[in-house]
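# Architecture at a glance
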Amino acid sequence: MSYSSIIASAQTSSSQRYDVLIAGGAVMGSSVALFLKRLAPACSVAVIEPDDLYELASTLRASGGARRLFSCPENIEMSNFSLGFISALPDVGWKKGGYLFIVPPAGADALKANYEMQRQHGVRVELLDRPALQARFPSMHTGDLAAGAHSLDDGWCDPHSLLQWLRREARSLGVVYLRDRVVGLGHAGDAVRQAKLASGTTLSADFFVNAAGAWSKEVCAMIGMPLPVEPLRRFEHYFESPNRIEPLPYVKDLARLAFRPEGRGYSGGLVNSAEPRGFNFDVDHDYFENVVWPALAHRFPAFEACRCVRTWSGLYEQSELDGNPVIGNYPGRAENFFVVSGFSGHGMMHAPAAGRAVAELIVHRRFETIDLSRFGYARVLANQPYPERGIL
Ligand SMILES: Cc1cc2nc3c(=O)[nH]c(=O)nc-3n(C[C@H](O)[C@H](O)[C@H](O)COP(=O)(O)OP(=O)(O)OC[C@H]3O[C@@H](n4cnc5c(N)ncnc54)[C@H](O)[C@@H]3O)c2cc1C
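About the criteria used
- Numbering of residues starts from 1 in every chain and runs along the sequence as written.
- Note on the predicted model: pLDDT of at least 70 is required for a residue's local features to be given, and 80 or more for side-chain atom pairs to be given and counted; whole-chain, interface and lining totals, by contrast, use all residues.
- In computing side-chain values, all of the structure's heavy atoms are included and hydrogens and water are not.
- Every helix listed is a DSSP run of H or I at least four residues long, and every strand listed is a run of E at least two residues long, numbered separately from the N terminus.
- Buried residues are those whose accessible area, probed at 1.4 Å on protein chains only, stays under 20% of the maximum for their type, while exposed residues exceed 50% and partly exposed ones sit between those limits.
- It only takes one pair of heavy atoms within 4.5 Å for two residues to be counted as in contact.
- Polar contact is the term for a pair of N or O atoms within 3.5 Å; when the atoms are in protein, one must be able to donate a hydrogen and the other to accept it, and sequence-neighboring residues count only if both atoms are side-chain atoms.
- One bridge is not enough; two strands pair if DSSP finds at least two bridges between them.
- Structural elements are reduced to axes, namely lines fitted to C-alpha atoms, with helices fitted over the stretch in contact, and the angle between N-to-C directions of any two is expressed from 0 to 180 degrees.
- Only buried residues count toward a nonpolar core. Its members are Ala, Val, Leu, Ile, Met, Phe, Trp, Tyr and Cys residues joined through side-chain atoms within 4.5 Å.
- Between the rings of Phe, Tyr and Trp (Trp by its six-membered ring), a pair exists once the centres lie within 6.5 Å; its type follows the angle of the planes, with under 30 degrees stacked, over 60 edge-to-face, and the other angles tilted.
- Helix crossings fall into two classes, left-handed where the near helix is turned counterclockwise from the far one by less than a right angle and right-handed where it is turned clockwise.
- A pair is scored as a salt bridge if a Lys or Arg side-chain nitrogen falls within 4 Å of a carboxyl oxygen belonging to Asp or Glu.
- Helix span is expected to be 1.5 Å times the residue number reduced by one.
- Charged-residue counts in this description rest on Lys and Arg as positive and Asp and Glu as negative, His and the chain ends being excluded.
- Here a residue counts as near a molecule or strand whenever at least one of its heavy atoms sits within 4 Å of it.
- Accessible areas in this description were obtained via Shrake-Rupley with a 1.4 Å probe; residue shielding takes into account the shown protein chains only.
- The nonpolar class holds Ala, Val, Leu, Ile, Met, Phe, Trp, Tyr, Cys and Pro. Asp, Glu, Lys and Arg form the charged class, and all remaining residues, Gly among them, are polar.

## What to know about the environment of Asn324
Mapped onto the elements of the fold, Asn324 is located in the loop between strand S16 (307–319) and strand S17 (326–330). Since its relative accessible area comes to 0%, Asn324 is described here as buried. Put simply, Asn324 and Phe81 are 243 residues apart on the chain and 17 Å apart in space, counted from C-alpha to C-alpha. With sequence-adjacent residues up to four places away left out, Asn324 is seen in contact with Cys72, Asn75, Ser319, Gly342, Ser344, Phe375, Arg379, Tyr386, Pro387 and Glu388. A polar contact of 2.8 Å, which involves the side chain of Asn324, links it to the backbone oxygen of Tyr386.

## Topic: the sheet that holds S16
The eight strands lie next to each other as S5-S6-S4-S13-S14-S15-S12-S16, forming an open sheet whose pairing is mixed. Because the sheet does not close on itself, it has two edges, and the strands there are strand S5 (125–129) and S16. Strand-to-strand twist in this sheet, taken as the mean axis angle between neighbours without regard to direction, amounts to 20°. The pairing of strand S12 (residues 229–240) with strand S15 (residues 265–270) spans three bridges and is classified as antiparallel. By the bridge assignment for S15, Phe239 is matched with Tyr266. Sitting on the sheet, helix H4 (residues 108–120) is in contact with strand S4 (99–103), S5 and strand S6 (147–151), with an inclination near 155° to S5.

## Some remarks on the environment of Asp322
Position of Asp322 among the secondary structure elements: in the loop between S16 and S17. Looking at Asp322, the relative accessible area reads 8%, which means it is buried. Each C-alpha atom of the pair Asp322 and Pro387 lies 4.5 Å from the other, and the pair is 65 residues apart in sequence. Once you skip the residues sitting within four places of it in the chain, Asp322 turns out to touch Arg379, Pro385, Tyr386, Pro387 and Glu388. Engagement of the side chain of Asp322 in a polar contact is seen with the side chain of Ser319, the distance being 3.3 Å.

## Points about the nonpolar core
In terms of nonpolar packing, the biggest core is built from 70 residues, with Ile22, Leu36, Val209, Ile327 and Val340 touching the most fellow members. Beyond its immediate stretch of four places on either side in the chain, Leu36 contacts Val20, Ile22, Pro41, Cys43, Val45, Ala359, Ile362 and Val363. Formed by 28 residues, the second largest nonpolar core is a distinct cluster that contains Tyr18, Ile48, Phe208 and Leu227.

## Here's the deal with the packing of aromatic side chains
Evaluation of the coordinates by the stated rule reveals 20 aromatic pairs. Plain terms: the ring middles of Phe239 and Phe288 are 5.6 Å apart, the flat faces sit at 45° to each other, and that makes the pair tilted. Here Phe288 lies in helix H8 (residues 287–299) and Phe239 lies in strand S12, a separation of 49 residues in the sequence. By the burial criterion, Phe239 is buried, and Phe288 matches it.

## Considerations on the packing of helix H2 (residues 27–39) against helix H6 (residues 159–172)
Between H2 and H6, whose axes approach to 9 Å, the crossing angle comes to 35°. Remark: the crossing between H2 and H6 carries left-handed chirality. On H6, the residues that touch Val27, Ser30, Ser31, Ala33, Leu34 and Arg38 of H2 are Leu162, Leu163, Trp165, Leu166, Arg167, Glu169 and Ala170.

## Here we look at the pattern of salt bridges
Under the definition given, this model contains 20 salt bridges. Of the charged contacts in the structure, one is a salt bridge between Arg68 and Asp154, with a shortest N-O distance of 2.8 Å. Here Arg68, found in the loop between strand S3 (65–66) and helix H3 (73–87), pairs with Asp154, found in the loop between S6 and strand S7 (155–156); they are 86 residues apart in sequence, far enough to count as distant. The class of Arg68 is buried, set by a relative accessible area of 12%. With a shortest N-O distance of 2.8 Å, Asp153 and Arg124 are connected by a salt bridge. Remark: Arg124 occurs in the loop between H4 and S5 and Asp153 occurs in the loop between S6 and S7; sequence separation between them is 29 residues. Through salt bridges with shared partners, one network takes in Arg17, Asp19 and Asp206.

## Concerning H2
A rise of 1.5 Å per residue sets the reference length of H2, with its 13 residues, at 18 Å; its end C-alpha atoms lie 18 Å apart and thus fit the reference within 8%. Across the 13 residues that make up H2, a large majority, eleven, are buried. Buried within H2 are the following residues: Val27, Met28, Gly29, Ser30, Ser31, Val32, Ala33, Leu34, Phe35, Leu36 and Lys37.

## Thoughts on unusual backbone geometry
Non-glycine residue Tyr54 carries a positive phi angle of around 55°. Take Tyr54: it is sitting in the loop between strand S2 (45–48) and S3.

## What to know about the side chain of Arg167
Within the secondary structure layout, Arg167 lies in helix H6. As a buried residue without a salt bridge, Arg167 has its nearest oppositely charged side chain in Asp52, at a separation of 4.1 Å.

## What to know about the site of the ligand
Looking at the ligand, there are 34 residues lining it, with Glu49, Thr59, Gly65, Glu317 and Met349 nearest. Between the ligand and Glu317 there is a distance of 2.7 Å, counted from an oxygen atom to a side-chain nitrogen or oxygen. His346 places a polar main-chain atom, nitrogen or oxygen, 3.4 Å from an oxygen atom of the ligand. Protein coverage of the free-state accessible area of the ligand, which is 1,000 Å², stands at 97%. If you list the elements that add at least two residues to the shell around the ligand, you get H2, S12, S16 and helix H9 (347–364). Counting residues per element, the shell around the ligand draws most heavily on S16, which supplies four residues. Class assignment for the residues of the shell around the ligand results in 17 nonpolar, eleven polar and six charged.

Structural data, given as structure tokens:
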């Protein structure tokens with residue numbers, strides 16, 4: 001039976017079998033589920049999610065940033081679709097505040113090359129030299145900077161509201177959410193046949209999706225599929241400053257300082273790329289003072305007096321191969337098992353496009369809208385990184 005005839009076939013009424021089973025029901029799993037039902041309304045979809053409250057899910061810990069400033073055309077195109085999608089949703093707190101990448105002289109050529117690629121893909125972005133940067137953002141210390149790229153239509157949203165919207169919409173189209181955990185996968189020939197759940201239930205399906213975020217490597221290991229995706233702890237801080245400055249976009253620099261306005265203050269952080277990988281949610285309350293505050297005060301002297309109000313931790317599902325996601329199946333070994341993980345800090349913003357892409361792979365057996373073949377698992381098997389050269 002072909003993939004499309006499976007999808008088109010009459011659905012079984014047995015609760016033990018679905019057309020598609022999705023492990024992980026946060027922003028990525030819910031987006032896959034929603035787009036599956038939009039593309040193939042008759043298919044039966046179950047999302048297996050152990051935690052209704054999403055206590056540890058990265059989605060609820062994200063900063064909400066959504067930008068088009070990437071180097072890979074695939075990422076820019078995913079942003080074009082996803083940001084259009086998110087910004088049109090009601091009640092997800094979309095703020096079109098813009099994004100600003102700033103670089104020292106050593107980063108100027110890369111910024112310009114990325115800018116040209118972004119323009120080719122229709123992004124409304126301006127390249128600013130140092131005087132122009134200073135004029136637009138008078139409070140910024142620009143002495144060590146060469147240039148900035150300012151994209152005017154980017155912004156941020158509330159990740160929790162986005163997840164709830166996707167989940168609600170998916171359920172309204174008939175997607176079933178099961179409160180359970182995938183603990184094993186039954187594999188035969190070149191396909192996955194069954195999922196064993198923590199409750200003891202076994203479910204069978206024609207297609208399986210691994211949308212388990214920082215836990216996706218564990219799910220892949222259930223079929224012996226090595227996935228170079230690791231949990232990388234990252235702090236997010238909400239801070240306030242007594243000194244008022246001009247309105248800021250989401251600001252990012254090469255030291256990986258990244259922050260944006262939030263309410264009366266700002267939300268952001270500084271990724272420590274050398275952070276040991278693992279499921280560590282401990283909060284280092286000195287990190288802001290020791291690392292983030294000096295970087296902030298250097299860039300915006302008015303933030304000398306800022307005060308950290310709250311710090312929380314979360315996990316990036318970090319793609320150790322190249323910082324880009326893995327979207328696709330395991331050719332020859334698990335043809336019906338699709339991974340959608342490794343977004344390395346971009347998973348919330350890219351969830352709509354990635355969910356649609358996986359739905360296309362299942363329903364049409366190929367990418368119909370954005371060609372994401374270069375994000376497939378083949379590059380992992382061949383150990384051929386396809387790196388993102390925008391600032392991560
Ligand atoms: C501090 C921080 C800031 C960030 N800022 C941004 C940002 O500004 N913009 C952006 O786009 N992205 C950002 N990200 C990244 C973004 O949060 C993630 O890329 C995105 O949320 C990944 O979504 P997901 O659904 O794949 O994973 P998750 O949200 O982690 O969800 C995975 C789900 O899988 C479930 N699960 C785990 N194991 C199993 C199993 N065996 N069976 C079934 N279910 C399972 C978990 O319970 C969980 O709910 C940030 C991340 C962090 C930590």
